[in-house]
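# Analysis of the macromolecular model
One letter stands for each residue in the lines below.
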Amino acid sequence: MTRIASVLIPMPLPEAFDYAEPEGMDLVVGEQVAVPLGPNLMRGVVVALRDAMGGNRPLKPVAERLDDPALPAGVLEFVQWAARYAVDTPGAPLAIALRGARAPKARPVRVVEPTGAQPARLTPARARVLEAATEALPPAELARRADVSAGVVKALLDEGVLAGRLIEPEAAFDPPDLTRSGATLNPSQAAAAAALKGMLAEGGFNVALLDGVTGSGKTEVYLEAVAAALAADPNAQALILLPEIALTQAVIQRVADRFGAAPGEWHSDIAPPARRRLWEAVAAGRCRIVVGARSALFLPFTKLALIVVDEEHDTSFKQEEGFIYQARDLAVARAKIEGAGVVLASATPSLESLRNAETGRYRWLRLSARHGAARLPDIELIDLRETPPEHGRWLSPPLVQAMAETWARGEQTLLFLNRRGYAPLVLCKACGERMTAPDTDSWLVEHRYSGRLVCHLTGFSMPKPAACPHCGAADSLVSIGPGVERVEEEARSLFPEARISVFSSDTVFDAREGRRLVQAMAEGQIDILVATQAAAKGHNFPGLTLVGVVDADLGLRGGDLRAAERTYQLLAQASGRAGRKDRPGRALLQTYAPEHAVMQALKAQDRDAFVAAEMAERELAGLPPFGRLAAVVVSGPDAARLEAFVRGMAEVAPNTPGVEVYGPADAPLGLIRGRRRKRFLVRADRSVDLSAYMAAWRARVKPPGAIRLAIDIDPYSFL
Ligand code: ADP
C-alpha cells in the first residue's frame, strides 16, 4: 500500500500539503524533501506519514528525498507550537528552522597529500615538504608549514609526488574539554551553581532565574551549569542565547576559555556557508555548545539539555518583524518540549520572570554582591532644573566636572544616550517646518558623519538641504536636541586631548568592528566612549569608573506598558558598567524628573521596591504579567478601505468572557512607507487562551489583497 506524506513548506501557507510517497522511497518523519508546488519544486519537511485509504483523488508524488539532515522531532513540535502560539502559519517558523539548511554549502577546498612516489631529486626544501605533509592540506598551508615557496609544492604536484583532491570543508567544532575547571567560585556563586546542578540532575524541564547584580559572576555560574549538563550525557547540547550580536564575542571568548574549544556561533552576521556548517554540526550532534542570537532557538538540536538566556530582560529578544516572537518565552517552550533545563540570567529581570519566581514556578537564585572587592557604583541624580547645561549644550556642569576628575585620574567615562545620529529633529527657524519622511510619520534624524537626514523607521535618507524645502529660506535649518554624534562633538570641545569614540549602530556595522571597539575600551585606549545601548550592556571595562546618562528621562516619554520597567533596566545596566575590581564607580543621571519613582529607585538602588510598586500597578490594571495582551496591526494604502475593513473586523470579534477588545484606533505611527496603520489592543485574563481567541477572530476575517494584518501576541511595541 502506498503512503501519504504530509509536507510542510517554509512559506506562509495555512497547513501541510499531502503528497504520495513513491514506491520504495521509505520516508521518515522530519526528512527534507522536494515537492511540486504549482510549477515549482519546493523544499519541505515531512511532518506526518499515513497509509493511503484509496478512493481519494490522486496526489502528486514527492519528487525526491534531499540529501540534508532530517529535522529532529523536537524541532517539528516546536515549530508547530510556536506557530499556534504566535497565530501565524507553521511555514513561518519552519523557514527560520531551515535557514541553515537552505544556506549554500561552502565550496570544496583543494588539498594535497603524498602519493608515495619518490621525487627524482630530493632537495632540502622538498624534504621539508614531505615531512610536513602528514595530513591532507591546502597547498598554501603546506608551503607555509614547510617554509618553502608555493613553487616547490607545485613542482612536487607536477611530478606526481603529491596529488591534489577536493574535500568538503568541515568546521572542526572541537568537543568541549569537560575536565577543565572554571573559576574558584565564592560562596554565594557556589551555592547558585550547586542549585543549578541540582536542578539539572533532577532532569526534565525546569526553569531557574539567576538574578544577580552586574558583576556578580552570573556568567561564571551559568558556565558551571553548562559544564554539568554536558558532563551528564556525552550527547547533550547546550544553547546560550544573547540579545545582541555585539555581546556574542565576549561570551564566545569566555566559553572558549572555560572549555578549551570555541562554541558554535549563530547570528545574522554569520556567512551563509558557515551557517550551513553549524546547522549540520548541530543536527549531527557534533557541535555541543552554541552561542547565538534569538533564531538559534530554531536550530536542530538532537539532545538539548540546557538553554541559558543571558540578559533575559532585554527587549531585543522580541522579534517584531516577519514571524513575531519573544525568544525568552519560546526558549522556555522549547525546553519544555525537549525536557531541558533553562537558566534565565539578569541583573534586572523582567517582571514576567520575577512573577514566575515569586510564585514558585521558577527557582530563584540571587547573587546580591559583586565578586571580590568590586563594589556597585554610587548612583546620583543631577537635577537639570537646578544645574542646566549651557545653552545649546547637553552636559551639565556637575557631569562635566566629574568627567574632568575622571580624566585627570587616567580613568574612563561612558556617556550613555540612547539616540543615534546628531540631532533627532531638524526644523526651519524661518517657517517652523519640521523635516519629516515623505511617506512615513516620523521626523528625519540628522546624521553629521554622513551629512544626511535619515528616517530611522524605514531607512529612507536624503542629503541635508541647503534651503528649507517648504519656504525656501536659505541656511534656516536648525538641529534640535542631541544624538550621540552631537554629544561627542561637545565632549571633544570640552576635552580636546581626550581619545573619544562613538559606539552606535551607525559606527559599528558588524561583530568585528564591535569587537575592536570593545577591546580598545577594555584596554584603556579610549578615554570617553559615547554610546547607545549597544555598548551599555554586559561588557566589563576595568578602567571605566564614570557613567554619565545624558537623558535619563528619554525612555519614560511616550509611556507605554513597559516604559518604566525598561528605563529602570536600561539605566541600571548602563550604571552597572561603572567600577570593577579595585576601583569604585559612579553613575550620574541627568534628569528633569528626579522625583519620578524610577529615578528614586535607581538612586536608592532599591530594585525590589520599584518592582513591588510596578507589579501592584500592573496587577490593578490586569496587565502582564497578571493578564495577557495581544495587538493587531492592520495596514493598507487606502485610508477609506482600511477604515471599512477594521470596522468590519471589530464587529466580528468573538465575545468571550475575560477578553476586552480596544480599537480600532489610529496607530501612533499612522503612516509607514505610504501605508496607513490601525491598531487593536486585546486584553485578557491569564486564564484565557489568548492565542486561540485571536486565531478564532482571525478566521472570521478575509483581508483584501492590499491590506496586511499582523497579530502580535504579548506586544512590546505599541506604535
Ligand atoms: P555578571 O555576568 O554577573 O555580570 P561576570 O560573570 O561577568 O558577572 O563576572 C564579572 C567579573 O568578575 C568578570 O571579569 C569575571 O571574570 C569576574 N569573576 C566573577 N566571579 C569570579 C570568580 N569566582 N573568580 C574570579 N573571577 C570572577
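Residues numbered from 1 in each chain as written. Predicted model: local features only at pLDDT ≥ 70, side-chain atom pairs only at ≥ 80, totals over all residues. Heavy atoms only, no water.

### Quick notes on the overall build of the protein
A count of helices and strands for the protein gives 21 helices and 31 strands. Counting only C-alpha atoms and orienting by the principal axes, one finds that the protein spans roughly 85 × 75 × 65 Å. Within the protein, buried positions represent 52% of all 719 residues. Put simply, the protein shows about 31,600 Å² of open surface, and 52% of that area lies on carbon and sulfur atoms. One finds the centroid of the 84 positive side-chain charges in the protein at a distance of 2 Å from the centroid of its 85 negative side-chain charges. (Helix = DSSP H or I, 4+ residues; strand = E, 2+ residues; numbered from the N terminus. Buried < 20%, exposed > 50% of the residue type's maximum accessible area, 1.4 Å probe, protein only. Areas by Shrake-Rupley, 256 points an atom, 1.4 Å probe, with all protein chains shown as cover. Lys, Arg positive; Asp, Glu negative; His and termini not counted. Charge placed at Lys NZ, Arg CZ, Asp CG, Glu CD.)

### What about the sheet that holds strand β28 (residues 627-636)?
Taking strand neighbours across the sheet as the criterion, the four strands line up as β29-β30-β28-β31 in an open arrangement whose pairing is antiparallel. Either end of the sheet is taken by a strand with one partner, and the two such strands are β29 (659-672) and β31 (708-713). Averaged over neighbouring strand pairs, the angle between their axes works out to 20° when direction is ignored. Sheet analysis places β29 next to strand β30 (residues 675-685), joined by eight bridges and oriented antiparallel. Its bridge partner lying in β30, I672 is registered against R675. Lying over the sheet, helix α20 (residues 639-651) contacts β28, β29, β30 and β31, oriented at roughly 15° with respect to β30. (Pairing = 2+ DSSP bridges. Axes fitted to C-alpha atoms, helices over the stretch in contact; angles between N-to-C directions. Contact = heavy atoms within 4.5 Å.)

### Re the packing of helix α17 (residues 563-575) against helix α19 (residues 607-621)
Axis separation between α17 and α19 bottoms out at 11 Å; the angle between their running directions is 165°. Viewed along their axes, α17 and α19 adopt a mutual orientation that is roughly antiparallel. Seen from above, α17 lies across α19 with left-handed handedness. From α17, A564, E565 and Y568 reach across to α19, where they touch R607, F610, E614 and R618. Of the residues in the contact of α17 with α19, the class split is three nonpolar, no polar and four charged. (Parallel < 35°, antiparallel > 145°, perpendicular 65-115°, else oblique. Left-handed = near helix turned anticlockwise from the far one by under 90°. Nonpolar A, V, L, I, M, F, W, Y, C, P; charged D, E, K, R; others polar.)

### Re the environment of L178
Following the sequence through the fold, L178 ends up in the loop between β7 (162-167) and α7 (187-202). With a relative accessible area of 32%, L178 lands in the partly exposed category. A C-alpha to C-alpha distance of 36 Å links L178 and L66, two positions 112 residues apart in sequence. Leaving out residues up to four positions away in the same chain, L178 has contacts with A227, L230, A231, F259 and R288.

### What to know about the sheet that holds strand β9 (residues 237-241)
Sheet architecture is open: seven strands sit in the order β10-β11-β9-β12-β15-β8-β16, paired in parallel fashion. Edge positions in the sheet fall to β10 (264-266) and β16 (363-367), since each has one partner strand and no second. Across this sheet, the average inter-strand angle for adjacent strands is 20°, counted without regard to direction. On the sheet, α7 packs against β8 (206-212), β12 (304-310), β15 (341-346) and β16 and is oriented at approximately 160° with respect to β16. Running over the sheet, helix α10 (residues 272-283) touches β9, β10 and β11 (289-292) and is turned about 120° from β10.

### Describing helix α21 (residues 690-699)
Where α21 is concerned, the buried positions are L690, S691, Y693, M694 and W697. Around the axis of α21, the buried residues are gathered within 160° of arc, so they sit on the same side. Those residues of α21 hidden inside the fold are in contact with α1 (73-86), β28, α20, β29, β30 and β31. Between the side-chain oxygen of the N-cap and the backbone nitrogen of S691 there are 3.3 Å, and the N-cap of α21 in question is D689. (Arc of directions from axis to C-beta. Polar contact = N/O pair within 3.5 Å; in protein donor to acceptor, adjacent residues only side chain to side chain.)

### Concerning the site of the ligand
Residues in contact with the ligand amount to 15 residues; listed here are only the nearest, T184, Q189, K218, T219 and R254. Separating an oxygen atom of the ligand from a backbone N or O atom of G215 is a distance of 2.9 Å. Between H371 and the ligand, the recorded distance is 3.2 Å, taken from a side-chain N or O atom to a nitrogen atom. Protein chains bury 76% of the 550 Å² of accessible surface belonging to the ligand in isolation. Residue contributions to the shell around the ligand peak at three residues, all from helix α8 (residues 218-232). Residues of the shell around the ligand, tallied by class, amount to three nonpolar, nine polar and three charged. (Near = heavy atom within 4 Å.)

### Some thoughts on the environment of A48
Locating A48 in the fold gives a position in strand β4 (residues 40-51). Residue classification places A48 among the partly exposed positions, given a relative accessible area of 33%. Once the C-alpha coordinates of A48 and I4 are considered, the two residues, 44 residues apart in sequence, prove to be 8.2 Å apart. What A48 contacts, discounting residues up to four positions off in sequence, is I4, A5, S6 and V29.

### A closer look at the pairing of β12
Of all seven residues making up β12, six are buried, and the element is well covered by its neighbours. In terms of strand pairing, β9 meets β12 through five bridges, oriented parallel. By the bridge assignment, L239 is partnered in β12 with I307. Bridge analysis of β12 against β15 gives five bridges, and the strand direction is parallel. Bridged to V309 within β15 is L344.

### Some details on the domain arrangement of the protein
What the domain assignment lists for the protein is domain 1 (3-97), domain 2 (109-167), domain 3 (187-367), domain 4 (378-419 + 482-616) and domain 5 (627-713). A C-alpha centroid distance of 57 Å is found between domain 2 and domain 4. (Domains from an automatic or database assignment.)

### A short note on the pattern of salt bridges
Where charged atoms from two side chains of opposite charge approach closely, those side chains can pair. One pass over the full model with this rule turns up 47 salt bridges. In this structure, the salt-bridge partner of E224 is R258, at a minimum N-O distance of 3.0 Å. With E224 in helix α8 and R258 in helix α9 (residues 245-259), the pair connects residues that are 34 residues apart, well separated along the chain. Across the pair, exposure class does not vary: E224 and R258 are buried alike. Connected via shared salt-bridge partners are R43, D68, R276 and E280. (Salt bridge = Lys/Arg side-chain N within 4 Å of Asp/Glu carboxyl O.)

### A word on the packing of α7 against α8
Contact pair α7 / α8: the axes reach a minimum separation of 9 Å and the direction vectors enclose 30°. Comparing their axes, α8 and α7 come out roughly parallel. As for the relative orientation of α7 and α8, their crossing is right-handed in sense. Judged by residue contacts, Q189, A192, A193, L196, K197 and L200 of α7 engage V221, E224, A225, A228 and A229 from α8.

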